[in-house]
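# A closer look at the structure
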Amino acid sequence: MKYSHLTMWGIVIAIGVGTYFIRLSFIALFGKIEPSPAIMRATRFVPSSVMAAIILPALLNGGGHGFGDGSERLIAALLAGFVAWRTRSMVATIGTGMVGLWLLKAVMSI
Amino acid sequence: MESARSTYLSGIRDVSPVLLGVLPFGIVAGVAAIGIGMSKTLAVMTSAIAFAGASQLAAMDLMEKGAPIVIVIATALVVNLRMAMYSASIAPHFAPLSGRWKGFLSYFLTDQGFAVSLTRYDRGIEENNKKWYYLGTATGLLGTWMLGTVIGVTLGSVVPVSWSLDFAVPLTFIALLAPAIKDRATMVSALSAGIVAPVAIALPMQTGIIAASIIGVVAGYLFECRAGS
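From a predicted model like this one, the values you see are computed outputs, not experimental measurements.

Here is what the cut-offs are and how they apply
- Residues numbered from 1 in each chain as written.
- Chains lettered and ligands numbered in written order.
- Predicted model: local features only at pLDDT ≥ 70, side-chain atom pairs only at ≥ 80, totals over all residues.
- Helix = DSSP H or I, 4+ residues; strand = E, 2+ residues; numbered from the N terminus.
- Buried ≥ 20, exposed ≤ 12 C-beta atoms within 10 Å, placed from the backbone.
- Contact = placed C-beta atoms within 7 Å.
- pLDDT = per-residue confidence, 0-100.
- Core = buried A, V, L, I, M, F, W, Y, C linked by C-beta atoms within 7 Å.
- Domains from an automatic or database assignment.
- Nonpolar A, V, L, I, M, F, W, Y, C, P; charged D, E, K, R; others polar.
- Expected span 1.5 Å × (residues − 1).
- Axes fitted to C-alpha atoms, helices over the stretch in contact; angles between N-to-C directions.
- Parallel < 35°, antiparallel > 145°, perpendicular 65-115°, else oblique.
- Left-handed = near helix turned anticlockwise from the far one by under 90°.

### Description of the overall build of chain A
The number of helices and strands found in chain A is five helices and zero strands. Walking chain A from its N terminus toward its C terminus, one meets helices and strands in the order α-α-α-α-α. In chain A, which comprises 110 residues, the proportion classed as buried is 45%. Across chain A, contacts joining residues at least 24 apart in sequence account for 25% of those joining residues at least 6 apart.

This is the structure:
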């Protein structure tokens, strides 16, 4: 564990408070400050950018959360990526990836 | 005129197909929290306080890597910046409400609650009932999210490491990326961020995710401006 218990509580509360104010922002400011159209257009690209920025390094370098310990994780991730693209289903994606990983590990350990 | 109660229930009903995806997402968040050494109480409270899964997972990933506190918080908030767009889009519908109501409703603003509510508002709904419908979707989402987290926290404490439950975290991000790519411009943003990110992880203090995300946003924005002109 890299952080003390108290530090982790502090981080979680800071994220919660910050996120709350993002949520409240324009709901509270309505009629006073309008978001500029440019900002609205830019925030549309946040989800696709953030998700790709998190996934790709993990996939390619094995540096991220969980992709590191072997090719079976990479293969299972690619399989899950295909399912995600075709079905857009959270259940199907996680299910395929996990079952795929378990099967691959079972096969490779024979 | 539809009653507040039946509008509220229709919100729960309309969001229920979405909940099938929220449950495993919550489970993953719970498992991940236990995985980085959070207490059960904090793990559950994280889902209640933040109520924003992708940012929670991103923050936990960075905490495990020992990133500076400020970077952990900043990355989580960048992940949640999209909610400013939801806030602006739903603001006209909440405009007649009191400040207290606005403050209360804001806590529940999520991707799914926003999407389902706006769809209903566009189809037509009485002004008075908008908040009840939204609260219906929020009840389903928060309830399922917390249930999933509690299941995840329980699983995370008992399931052996050999099951590789940590792998569900990247899988969740993969599941979130697919629907985020809606058109060519969002595809450009994802590709740009994705190409830059493996290089950007060399940046100091784990600032790579933020840097790559900014590049993705700028790329998508510029692409759309050029395509539109």
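Right, picking up where we left off after that structure.
### Points about unusual backbone geometry
Outside of glycine, negative phi angles account for most residues, and trans bonds account for most peptide bonds. All names here are of chain B. Phi is positive for Phe51, close to 50 degrees, though the residue is something other than glycine. As for its placement among the helices and strands, Phe51 is situated in the loop between α2 (40-50) and α3 (53-64). Exposure remark for Phe51: the 22 C-beta atoms within 10 Å place this residue in the buried category. The phi torsion at Ser164 lies on the positive side, around 55 degrees, for a residue other than glycine. Relative to the helices and strands, Ser164 resides in the loop between α8 (130-158) and α9 (168-180).

### Describing the confidence of the model for chain B
Residues and elements named next belong to chain B. With 100% of its residues at a pLDDT of at least 70, chain B reaches an overall mean of 93. Here α9 stands out as the least confident element of chain B, with mean pLDDT 89; α2 is the most confident, with 98. Prediction confidence for the complex, expressed as pTM and ipTM, is 0.88 and 0.91 respectively.

### Considerations on the nonpolar core
Ile55 of chain A together with Leu177 of chain B are the most contacted members of the largest nonpolar core, which totals 103 residues. Counting residues per element, this core draws most heavily on helix α1 (residues 4-35) of chain B, which supplies twelve residues. Once residues within four sequence positions are removed from consideration, Leu177 of chain B is found in contact with Ser48, Met51, Ala52 and Ile55 of chain A together with Ala190 of chain B.

### Concerning the domain arrangement of chain B
All names here are of chain B. Here the domain parsing of chain B yields domain 1 (4-166) and domain 2 (181-229). The C-alpha-based centres of domain 1 and domain 2 are spaced at 25 Å. Contact with domain 1, which involves nine residues of that partner, is made by six residues of domain 2. A per-class count over the side of domain 1 that touches domain 2 returns seven nonpolar, one polar and one charged.

### A short note on the interface of chain A and chain B
As a measure of interface size, the accessible area lost when the parts come together is often cited. Listed as interface residues are 67 residues of chain A and, on the opposing side, 78 residues of chain B. Taken together, the elements giving at least two residues each to the side of chain A that touches chain B come down to α1 (5-29), α2 (37-43), α3 (46-61), α4 (71-87) and α5 (90-108) of chain A. Take the side of chain A that touches chain B: its biggest share by element is 20 residues, from α1 of chain A. For the side of chain A that touches chain B, the per-class residue count stands at 42 nonpolar, 19 polar and six charged.

### Some remarks on helix α7 (residues 111-123) of chain B
All names here are of chain B. Between its terminal C-alpha atoms α7 stretches 19 Å, which fits the 18 Å expected from 13 residues at 1.5 Å a residue. By the burial criterion, the buried members of α7 are Gly113, Phe114, Val116, Ser117 and Arg120. On the buried face of α7, the contacting elements are α1, α5 (82-94) and α8. Gly124 lies just past α7 and shows a positive phi near 110 degrees.

### Section: the packing of α4 of chain A against α5 of chain A
Packed helices, taken two at a time, are described by the angle their axes make and the gap between the axes. Residue and element names in this part refer to chain A. For the pair α4 and α5, interaxial distance at closest approach is 8 Å and the crossing angle is 155 degrees. Between α4 and α5, the crossing angle belongs to the class labelled roughly antiparallel. When the axes of α4 and α5 are compared, the crossing they make is right-handed. Packed against α4, whose contacting residues are Glu72, Arg73, Ile75, Ala76, Ala77, Leu79, Ala80, Val83, Ala84 and Thr87, the element α5 presents Ala92, Thr93, Thr96, Gly97, Gly100, Leu101, Leu104, Lys105 and Met108 at the interface. Looking at side-chain class alone, the contact of α4 with α5 contains eleven nonpolar, five polar and three charged residues.

### Let's talk about the environment of Ala59 of chain B
The topology assignment puts Ala59 of chain B in helix α3. Of the residues examined, Ala59 of chain B has 29 C-beta atoms within 10 Å and is grouped as buried. Put simply, Ala59 of chain B and Ile69 of chain B are ten residues apart on the chain and 9.6 Å apart in space, counted from C-alpha to C-alpha. Residues contacting Ala59 of chain B, with those up to four places away along its chain left out, are Ile11 and Ile15 of chain A together with Val72, Thr75 and Ala76 of chain B.

### Some thoughts on the environment of Lys131 of chain B
Residues and elements named next belong to chain B. The residue Lys131 is located in helix α8 in this model. Looking at Lys131, the number of C-beta atoms within 10 Å reads 23, which means it is buried. Taking C-alpha positions, Lys131 is 9.9 Å from Gly11, a pair spaced 120 residues apart along the chain. Among all residues touching Lys131, those that are not within four sequence positions of it are Leu97, Trp101 and Leu105.

### Brief notes about the environment of Ile13 of chain A
All names here are of chain A. Structurally, the position occupied by Ile13 is in helix α1. Look at Ile13 and you get partly exposed, because 15 C-beta atoms sit within 10 Å. C-alpha of Ile13 to C-alpha of Leu24: the two residues are eleven residues apart in sequence and 16 Å apart in space.

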